[in-house]
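# Observations on chain architecture
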Amino acid sequence: MLILTCPYCGVAADETELTPGGEAHLTREAPGSDDAAFEAYLFQRENPKGVHFERWRHSYGCGKWFHAARCTQTLQVYGTYPAQTSAPPQAICDKISGARPGWSWRLFG
Amino acid sequence: MSEIASVTALNGARYDGIVEVAEMPLQGMITLRGKLGAAPVKNAAIGIGGVDMPDDGMISVQGDRAIAWMSPDELLIFCAYDEVGVALTAMERTLDGSFAMAVDVSDARAMFRLEGAAVRDVLAKLTPADMSVQGCPPGRMRRTRLAQVAAAIWLTGETTAHIVCFRSVAPYVFGLLSTAAQPGSDVGYY
Ligand SMILES: [Zn+2]
């Protein structure tokens, strides 16, 4: 069972109180982008055994979207942070480095 | 407007088991959304709720009045059911055009009260929320789910819990609470 702390209301919410929102930090390719970039935006996703970044919505609570950094292998949660950012905060990256030195995920790590 | 009197969803249904389950009478409820730190929003809330602004995640209660923190931009204000119209007018005046919204949700909600020593156990059968004293102390407003529907739970003491849910699911929630409170189903965990 996954428990994520909502960064907006501070509630330690069970997975079943949340709605999964898929992979985090995608760049939405706008009209005018080339086909390869648009295809990647639509279809290409990470599927790591290890560090992963996701979007979740606190749907049975405050209703806000937020980000979570966690490990898909150990289920360790490195942290949650607000949705209004395009990159994970340094404090969370440092925490991941402590647990998984040399990690990388897309452009981060 | 009409002569038809308002009624609650379940006509005050009750169940006596390891805790007492009771549907509460009609309760005025106003949702206020806006910047909670802004003076007009605070004043509009306090003017009707008649209590101090609650801390984040908490509810301030005084009699049948209360202010509950629902999210970083949402409060639920409790007042007498027949005062809601007057209250909304007063709130609009206080808000004075600020970017905020006050809406009467009284008839969209149902409210229950649980009474008895096993309230934490009964609720823990239905919600994934931490119902321990540390996880849900009296005064905490915990929005969560009861089985398959959204609900907000708060305790006003170690033997009294309150639940607000959507009116459309009131029979379902009453059924859940009654089943979880069946005699002989004591858990004795909390
Ligand atoms: Zn939340």
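These figures come from a predicted structure and were not determined experimentally. Throughout this document, residue positions are counted from 1 along each chain, in the order its sequence is written. All chains are assigned letters beginning at A, and all ligands numbers beginning at 1, according to the order in which they are written. In view of the model being predicted, local features appear only for residues whose pLDDT reaches at least 70, and side-chain atom pairs are presented and counted only at 80 or more, with totals across whole chains, interfaces and linings using the full set of residues. For side-chain calculations, the full set of non-hydrogen atoms in the structure is used, while hydrogens and water are omitted.

This part is about the overall build of chain A. Comment: elements are numbered from the N terminus, with helices defined as DSSP H or I runs of at least four residues and strands as E runs of at least two. The secondary structure content of chain A amounts to two helices and six strands. Element order for chain A, N to C, with α for helix and β for strand: β-β-β-α-β-β-β-α. Reported as C-alpha extents along the three principal axes, the dimensions of chain A are approximately 40 × 35 × 25 Å. Summary of the burial criterion: residues with accessible area below 20% of their type's maximum are buried, those above 50% are exposed, and those between are partly exposed, where the area comes from a 1.4 Å probe applied to protein chains only. Taking all 109 residues of chain A together, the buried fraction comes to 35%. Note on definitions: a residue-residue contact is assigned when non-hydrogen atoms from the two residues lie within 4.5 Å. Counting contacts in chain A only where the partners sit at least 6 residues apart, residues at least 24 apart contribute 50% of the total. Using the Shrake-Rupley algorithm and a 1.4 Å probe, accessible areas are obtained, with residue cover drawn only from the displayed protein chains. When the accessible surface of chain A is summed, it comes to about 6000 Å², and 51% of that surface belongs to carbon and sulfur atoms. If the 10 positive side-chain charges of chain A are averaged to one point and the 11 negative ones to another, these points end up 5 Å apart. Charge counting treats Lys and Arg as positive and Asp and Glu as negative, with His and both chain ends excluded. Charge coordinates come from a single atom per side chain, which is NZ of Lys, CZ of Arg, CG of Asp or CD of Glu.

Residue and element names in this part refer to chain A. The pairing criterion for strands is at least two bridges between them, as found by DSSP. Read from one edge to the other, the open sheet built from four strands follows the order E3-E4-E5-E6, with strand pairing classed as antiparallel. With partners counted over all chains shown, the strands left at the sheet margins are strand E3 (19-23) and strand E6 (77-82), one partner each. Mean inter-strand twist for the sheet, computed between neighbouring axes without regard to direction, equals 30 degrees. As judged from the five bridges shared by strand E5 (residues 65-71) and E6, these two strands associate in the antiparallel manner. Within the sheet, the bridge partner assigned to arginine 70 lies in E6 and is valine 77. Running over the sheet, helix H2 (residues 90-99) touches strand E4 (51-57), E5 and E6 and is turned about 170 degrees from E6. Axis lines are fitted through C-alpha atoms, for helices just across the contact stretch, and the angle between N-to-C directions can take any value from 0 to 180 degrees.

Before going further, it helps to examine the coordination of the zinc ion. All names here are of chain A. Note that water is not among the atoms considered, so a metal site may appear incomplete; the donors listed are N, O and S atoms within 2.8 Å of the metal, with 3.2 Å applied to Na, K and Ca. Here the zinc ion is held by the protein donor atoms Cys6 (SG), Cys9 (SG), His58 (ND1) and Cys62 (SG), which lie 2.0 to 2.4 Å from it. Under this scheme a four-donor centre is tetrahedral when all angles range from 85 to 135 degrees, a four-donor centre is square planar and a six-donor centre octahedral when opposite donors are above 155 degrees with the rest from 65 to 115, and any other centre is irregular. What the four donor atoms of the zinc ion show is an angle range of 98 to 117 degrees at the metal, which sorts the shape as tetrahedral. If you list the donors of the zinc ion from N- to C-terminus, the spacing comes out as C-x2-C-x48-H-x3-C. Note that cysteine 6 is positioned in the loop between strand E1 (3-5) and strand E2 (12-14) and histidine 58 in the loop between E4 and E5, a separation of 52 residues in sequence. In this pair, the class of cysteine 6 matches that of histidine 58, namely buried.

Here we take up the pattern of salt bridges. Here, a salt bridge means any side-chain nitrogen of Lys or Arg that lies within 4 Å of a carboxyl oxygen of Asp or Glu. A complete count under the given rule lists 12 salt bridges over all chains for this structure. Across the pair arginine 70 of chain A and glutamate 54 of chain A runs a salt bridge whose closest N-O atoms are separated by 2.6 Å. Of this pair, arginine 70 of chain A sits in strand E5 while glutamate 54 of chain A sits in strand E4, placing them 16 residues apart in sequence. Residues arginine 70 of chain A and glutamate 54 of chain A agree in their burial class; the two are buried. A salt bridge links glutamate 20 of chain B to arginine 113 of chain B, with the shortest nitrogen-to-oxygen separation between them at 4.0 Å. Of this pair, glutamate 20 of chain B sits in strand E2 (residues 20-23) while arginine 113 of chain B sits in strand E8 (residues 109-115); the two residues are 93 residues apart in sequence, bridging distant segments of the chain. Of the residues examined, glutamate 20 of chain B reaches a relative accessible area of 24% and is grouped as partly exposed. Its relative accessible area of 23% is what places arginine 113 of chain B among the partly exposed residues. A network of salt bridges, in which partner residues are shared, links Lys64 of chain A together with Arg33, Asp73 and Glu74 of chain B.

Moving on: the nonpolar core. Phe112, Leu114, Leu123, Leu146, Ile163 and Leu177 of chain B are the most contacted members of the largest nonpolar core, which totals 31 residues. Apart from residues no more than four positions distant in its own chain, isoleucine 163 of chain B is found in contact with Ala110, Met111, Phe112, Leu114, Leu123, Leu146, Ala151, Ala152, Ile153, Trp154 and Leu177 of chain B. The term nonpolar core refers to a set of buried residues drawn from Ala, Val, Leu, Ile, Met, Phe, Trp, Tyr and Cys, joined through side-chain atoms within 4.5 Å.

This next bit is on the packing of aromatic side chains. Aromatic pairing here means that ring centres of Phe, Tyr or Trp (its six-membered ring) are within 6.5 Å. Orientation follows from the plane angle: under 30 degrees is stacked, over 60 is edge-to-face, and everything else is tilted. In the structure shown here, the tally under the stated rule is eight aromatic pairs over all chains. Ring centres of tryptophan 105 of chain A and phenylalanine 108 of chain A lie 6.2 Å apart, and the angle between their planes is 10 degrees; this geometry places the pair in the stacked category. Pair check on accessibility: tryptophan 105 of chain A and phenylalanine 108 of chain A agree, each one buried. Taken together, a centroid distance of 6.1 Å and an interplanar angle of 25 degrees make the contact between phenylalanine 112 of chain B and phenylalanine 174 of chain B stacked. Residue phenylalanine 112 of chain B is located in strand E8, and its partner phenylalanine 174 of chain B is located in helix H4 (residues 170-180); the two are separated by 62 residues in the primary sequence. Phenylalanine 174 of chain B shares its class with phenylalanine 112 of chain B; the two are buried. An aromatic cluster is built from Phe53, Trp103, Trp105 and Phe108 of chain A, whose rings are joined through pairwise contacts. We call a charge positioned above a ring when the Lys NZ or Arg CZ atom is no farther than 6 Å from the ring centre and deviates by at most 35 degrees from the ring normal. Lying over the aromatic face of tryptophan 65 of chain A, arginine 55 of chain A brings its terminal NZ or CZ to 4.5 Å of the ring centre. Sitting over the ring of tryptophan 105 of chain A, arginine 106 of chain A keeps its end group 5.9 Å from the ring centre.

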